[in-house]
Amino acid sequence: METRIFENTPQDLKAAAELIRKGETVVFPTETVYGLGANALDAGAVKKIFTAKGRPSDNPLIVHIADFGQVKQFVAEVPDAAKVLAEKFWPGPLTMIFKKKPCIPTEVSAGLDTVGIRIPDDKTAREFLRECGVPVAAPSANISGRPSPTTFSHVLQDMNGRAAGIIKGQDSEVGVESTVLDLTSDIPTILRPGGVSAEQLREVLGEVLVSSELKNDGVPKAPGMKYKHYSPKGQTYILSGTAEQAAAFVKRRCAVTTVAVLMFDEFRDLMPDCAKLLSLGSKACPEEAAHRLFDCLRECDALEVKEIYAPEIPEDGLWRAVRNRLYKAAAARIINVADAKSVLFVCTGNTCRSAMAEGLFNMSRKNAVSASAGLFASGGGAEPNAILAAAELGADIKNHESTQLTYEMLENSDIILTMTESHKASLPQGFNIKTITEFAGVQGEVNDPYGGDIEVYRSCAAQIKSLIERVKL
Ligand code: TXA
Ligand code: MG
């Protein structure tokens, strides 16, 4: 699809609005993140959003309007709390969930009897929404699973060729998505932390609940919270410990693999230059961290680093939204740096056994990080059957690259695990080297599946997985 680019001029905004009324999709800037919009009253148009994003259709969309007066057209009942909240926070980064009227198609509400509504504060967004004259359903304008776009260039990366139009606007001021507040429950409940904090809402409403964010027990109320989100290509970890400990840990990891660090400026001088350092701004300024976060995560992808380390984030105020996004990116993997271990898996070519071991180990959520290398690595990716067998067990190693073992890697790893006795015998003395079977306390070796069919790889991956489960660090 050819994507038209619109400037922020009255004429272009009119033309973009015309596309919306014709049932097409248009990306528009907002103060939180860019949205991928379509006429919320046109089920066919809304379906195009899901196609463009590659998004599961059981995840409802937020409806964007220009004026509070429009709410009653779409909502069965406007509670008093909504009026007070609108007075205080609209236009702005707050989405309120109401009981919906039938005019909102199920494609928007994903089958729920509720609808989320927001008036964005961005000037271009509001002019555009006024021109549209219809409510605009819009999720964040990223390909599903990628960080939300906060700049025009992020939008181009994801939506060029997928949306009918893109309005070129400012960088998103807030930088994290709106707070989703459910007003249909007895006590107003935050389903997704965002640009308006729980504390700000409590000042106005009194009691406000925050639904648990990262626990997976039970189905979350905001359907979107259950999907893998904001997941950079690199393995992402939150480092818990002092800045000095974190810096020393990062330095050792740089000797083994490629590393990016999201950090606060206060710790800039401590952090080693061997890592790609990405600033979240000052640790005293959640606004800055929110504003920069998604750009940092996209930058990590562009740099193609294998490991990404981020600091712990407080839970109060706007920090809660930053924390929620970052901990999701890390799939809540928190490394306690004081006693964390660095594990190195070694095999012959680093395309099958050790590559699968690294991927499977990283899923095991031990207080450890891992890498892998080969005695005779010749570059290139993992073997297709290794990728498949690992994927069947939940580990993604499609971006793996076969890496030659170096002395520096041995020096900077706490535990070196080989697949066979002969690998072990060919490594230099003086390091903590064991075969993986020996370390797991069982007999035998992990034989090379190279050249075998998928069944051979499956049984090799299963063997490695069960050995990793037995490993005590
Ligand atoms: O800041 C934002 O909210 C941005 C901009 C474009 O407005 N939009 C956005 O949309 O982040 P999206 O689709 O990426 O996230 C909407 C979130 C999802 O987690 C979704 O499950 C939840 O809001 N949501 C939407 N409607 C809902 C409803 N009726 N009930 C419960 N959760 C709802
Ligand atoms: Mg989103």
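The model shown is predicted, which means the values in this text are computed figures rather than measured ones. (Residues numbered from 1 in each chain as written. Chains lettered and ligands numbered in written order. Predicted model: local features only at pLDDT ≥ 70, side-chain atom pairs only at ≥ 80, totals over all residues. Heavy atoms only, no water.)

### Here's the deal with the domain arrangement of the chain
This is how it is decided: What fixes the domain bounds is an automatic or database domain assignment. Contacts between residues were defined by any pair of non-hydrogen atoms, one from each residue, lying within 4.5 Å. The term buried area refers to how much accessible surface (probe radius 1.4 Å) is lost by two components on association, counted for both of them together.
You can read the domains of the chain as domain 1 (4–210), domain 2 (235–336) and domain 3 (341–470). Here domain 1 and domain 2 have C-alpha centroids that lie 29 Å from each other. Counting from both sides, the interface comprises 24 residues of domain 1 and, opposite them, 15 residues of domain 2. Roughly 1,600 Å² of surface becomes buried between domain 1 and domain 2 when both sides are summed, with 54% attributable to carbon and sulfur atoms.

### With respect to the sheet that holds strand E7 (residues 136–137)
What counts is decided by this rule: In short, DSSP must find at least two bridges between two strands for them to pair. Helix and strand labels come from DSSP, where a helix needs a run of H or I of at least four residues and a strand needs a run of E of at least two; each type is numbered from the N terminus. An axis is simply a line fitted to the C-alpha atoms; with a helix, the fit covers only the stretch in contact. Between two such axes, the angle follows the N-to-C directions and lies from 0 to 180 degrees.
Sheet architecture is open: 11 strands sit in the order E1-E8-E2-E3-E7-E4-E6-E5-E9-E10-E11, paired in mixed fashion. Both outer strands of the open sheet, strand E1 (4–6) and strand E11 (209–210), are each paired with one neighbouring strand and no more. Where strand E2 (residues 26–28) and strand E3 (residues 35–39) come together, 3 bridges link them in antiparallel fashion. Within E3, the position partnered with Val27 by the bridge is Leu36. Docked against the sheet, helix H1 (residues 10–21) engages E1, E2, E3, E7 and strand E8 (165–167), running at close to 135° with respect to E1. Against the sheet, helix H2 (residues 43–53) touches E3 and E7, its axis set at about 155° to E3.

### A closer look at helix H6 (residues 123–132)
The condition is simple: For the exposure calls, accessible area comes from a 1.4 Å probe over protein chains only, and a residue counts as buried if that area is under 20% of its type's maximum, exposed if over 50%, partly exposed in between. Note: the arc covers the axis-to-C-beta directions of the helix. The term polar contact refers here to a pair of N or O atoms within 3.5 Å; inside protein, the definition further demands a hydrogen-donor-capable atom paired with an acceptor-capable atom, and it admits residues adjacent in sequence only when both atoms are side-chain atoms.
Along H6, the residues that are buried comprise Thr124, Ala125, Phe128, Leu129 and Cys132. Projected down its long axis, H6 shows its buried positions confined to an angular sector of 130°, all on one face. Tucked into the core, H6 has its buried residues touching H1, E2, strand E4 (62–64), E7 and E8. You can read the cap of H6 off the contacts: a side-chain oxygen lies 3.0 Å from the backbone nitrogen of Thr124, and it is on Asp122.

### Some details on the packing of aromatic side chains
For clarity, the cut-off: Paired rings are identified among Phe, Tyr and Trp, the last through its six-membered ring, by centres lying within 6.5 Å, and are further divided according to the angle between planes into stacked (under 30 degrees), edge-to-face (over 60) and tilted (the rest).
Applying the stated criterion to the full structure yields 7 aromatic pairs. Look at Phe28 and Phe128: their rings are 5.3 Å apart centre to centre, the planes differ by 40°, and that puts the pair in the tilted class. Remark: Phe128 occurs in helix H6 and Phe28 occurs in strand E2; sequence separation between them is 100 residues. Phe128 matches Phe28 in its accessibility class, with the two residues each being buried.

### Here's the deal with the environment of Glu307
Position of Glu307 relative to the elements: it lies in strand E15 (residues 307–311). We classify Glu307 as buried; its relative accessible area is 3%. Sequence separation between Glu307 and Asn385 is 78 residues; the distance between their C-alpha atoms is 24 Å. Those residues in contact with Glu307 that lie beyond four places of it in its chain are Gln235, Tyr237, Arg253, Thr257, Thr258, Val259, Ala260, Val369 and Ser370.

### Some details on the sheet that holds strand E13 (residues 259–263)
One open sheet holds the 5 strands; their spatial order is E14-E13-E15-E12-E16, and the pairing between them is parallel. The sheet is open, and its two edges are formed by strand E14 (276–279) and strand E16 (334–336), each paired on a single side. Each strand axis lies, on average, 30° off the axis of its neighbour in the sheet, ignoring direction. With 5 bridges connecting them, strand E12 (residues 235–240) and E15 associate as parallel partners. Paired with Leu239 across the two strands is Pro311, which belongs to E15. Across the sheet, helix H11 (residues 319–329) touches E12, E13, E15 and E16, and the angle it forms with E12 is around 125°.

### Some details on the state of the cysteines
Note the threshold: Cysteine sulfur atoms are paired as a disulfide whenever they fall within 2.5 Å.
Within the structure shown, the criterion is met by 0 disulfides. For Cys347, which is in no disulfide, the shortest distance to another cysteine sulfur is to Cys352 and amounts to 6.9 Å.

### Considering the pairing of strand E17 (residues 341–347)
Put simply, the rule reads: Convention used here: a crossover is right-handed provided that the path from the first strand, over the helix, to the second strand proceeds clockwise when the strands point away from the viewer.
The element E17 is largely enclosed, with a buried count of 6 among its 7 residues. What joins E17 to strand E18 (residues 368–374) is helix H12 (residues 353–363), and the crossover it makes is right-handed. Pairing analysis gives 4 bridges linking E17 to strand E19 (residues 415–418), with the strands arranged parallel. Counted as the bridge partner of Val343 is Ile415 from E19.

### Description of unusual backbone geometry
Following Trp90, the chain continues into Pro91 via a peptide bond in cis, with omega recorded as -10°. Within the fold, Pro91 resides in the loop between helix H4 (80–89) and strand E5 (94–99). Despite not being glycine, Glu304 shows a phi value in the positive range, around 55°. Mapped onto the secondary structure, Glu304 falls in the loop between helix H10 (286–303) and E15. A positive phi angle is found at Asn350, which is not glycine, with a value near 60°. Counting through the fold element by element, Asn350 comes out in the loop between E17 and H12.

### Some thoughts on the nonpolar core
Put simply, the rule reads: Take the buried residues of types Ala, Val, Leu, Ile, Met, Phe, Trp, Tyr and Cys, join any two whose side-chain atoms come within 4.5 Å, and each joined set is a nonpolar core.
Ranked by size, the top nonpolar core spans 43 residues in total, and within it Val27, Leu94, Met96, Ile117, Met159 and Leu201 carry the most contacts. When contributions to this core are tallied by element, the ones reaching two or more residues are E3, H2, helix H3 (71–74), H4, E5, strand E6 (114–118), helix H7 (152–159) and helix H8 (198–205). For this core, the element with the most residues is H2, which contributes 5 residues. Discounting chain neighbours no more than four positions away, the residues touching Ile117 are Ile62, Val63, Ile65, Val71, Phe74, Val75, Trp90, Leu94, Thr95, Met96 and Phe98.

### Re helix H17 (residues 454–470)
The condition that has to hold: Between the first and last residue of a helix there are one fewer steps than residues, each counted as 1.5 Å, and that sum is the expected span.
Taking 1.5 Å per residue as the helical rise, H17 with its 17 residues ought to reach 24 Å, and the 24 Å between its terminal C-alpha atoms agrees with that figure. Within H17 the residues assigned to the buried category are Tyr457, Cys460, Ala461, Ile464, Leu467 and Ile468. Buried residues of H17, viewed axially, fall in a sector of 125°; they line one side. Of the surrounding secondary structure, the elements contacted by the buried residues of H17 are E17, H12, helix H13 (384–392) and helix H16 (436–440).

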